[in-house]
Amino acid sequence: MKSHLLFILLLPCLITHGLNKKLPTGQPPRISVSQSDGIPISQGDFDHLVKKFTKTFEKGDSIRKISEYIKVARLFNTIYYSDLHNVEKYKRFLNLYIYSSRKYLEETIKALGAQLQKGLSYYSEKYGIGLGGDLEGDNVYEILR
């Protein structure tokens, strides 16, 4: 429990540092997380998921299915660990997921049965998905352009 609390208390500091990075003007966002290993998704479908969960967070609605928690974890990993965290609609998702109410981050960890790993990341052995840490395979989306 203490390790969960430590992670949740430190995560906003780590993310704030990442959110303050700026892209040079005129350059589009670049996905730099394991492009060849992620779950393939179209840009439109990716944006649809971001919009859907941003609305869920804004309304304070609950996430009800494990499959939805897994999608949120992949969205978080893909956005936070790439240059997408500089794009306003994606930054909004991160801010709501992490800062506005840590409810969703905590619920994701609990629902997935994720355990704290080294490097302040979480991993669910049961579902094979992590928050932070190893950003390959099923942990991220590969946005097809």
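Residues numbered from 1 in each chain as written. Predicted model: local features only at pLDDT ≥ 70, side-chain atom pairs only at ≥ 80, totals over all residues. Heavy atoms only, no water.

Scanning the chain for helices and strands turns up five helices and five strands. Starting at the N terminus and ending at the C terminus, the chain contains elements arranged as α-β-α-α-α-α-β-β-β-β. Looking at the chain as a whole, 43% of its 145 residues qualify as buried. Considering only contacts within the chain whose residues lie at least 6 apart along the sequence, 71% involve residues at least 24 apart. Of the roughly 7900 Å² of accessible surface on the chain, a fraction of 53% belongs to carbon and sulfur atoms. (Helix = DSSP H or I, 4+ residues; strand = E, 2+ residues; numbered from the N terminus. Buried < 20%, exposed > 50% of the residue type's maximum accessible area, 1.4 Å probe, protein only. Contact = heavy atoms within 4.5 Å. Areas by Shrake-Rupley, 256 points an atom, 1.4 Å probe, with all protein chains shown as cover.)

Our next topic: the nonpolar core. Counting residues in hydrophobic clusters, the biggest one holds 32 residues, and the most contacted among them are F46, F57, F93 and Y97. Residue assignment for this core shows that the elements contributing at least two residues are α2 (43–59), α3 (66–80), α4 (88–100), α5 (103–112), β4 (129–131) and β5 (141–144). The element contributing the most residues to this core is α3, with eight residues. Those residues in contact with F57 that sit more than four places away from it in its chain are I63, V72, F93, L96, Y97 and Y104. (Core = buried A, V, L, I, M, F, W, Y, C linked by side-chain atoms within 4.5 Å.)

What follows covers the pairing of strand β3 (residues 121–124). Bridge count for strand β2 (residues 115–117) against β3 is three bridges, and the pairing is antiparallel. By the bridge assignment for β3, Q117 is matched with S121. Hairpin geometry of β2 and β3 is characterised by an intervening segment of three residues between the two adjacent antiparallel strands and by a positive phi of about 80° at G119. Sheet topology note: the β3/β4 ladder contains three bridges and is antiparallel. Each residue of the ladder has a partner; that of S124, found in β4, is I129. (Pairing = 2+ DSSP bridges.)

Locating S67 in the fold gives a position in helix α3. Assessed through its relative accessible area of 38%, S67 is described here as partly exposed. Put simply, S67 and Y127 are 60 residues apart on the chain and 9.5 Å apart in space, counted from C-alpha to C-alpha.

Moving on, we get to the pattern of salt bridges. Under the counting rule described, the total for this entry stands at four salt bridges. Residue R92 is joined to E58 by a salt bridge in which the shortest nitrogen-to-oxygen separation is 3.2 Å. Of this pair, R92 sits in helix α4 while E58 sits in helix α2; the two residues are 34 residues apart in sequence, bridging distant segments of the chain. On the accessibility criterion, R92 (37% relative accessible area) is partly exposed. The exposure class of E58 is partly exposed, given its relative accessible area of 45%. (Salt bridge = Lys/Arg side-chain N within 4 Å of Asp/Glu carboxyl O.)

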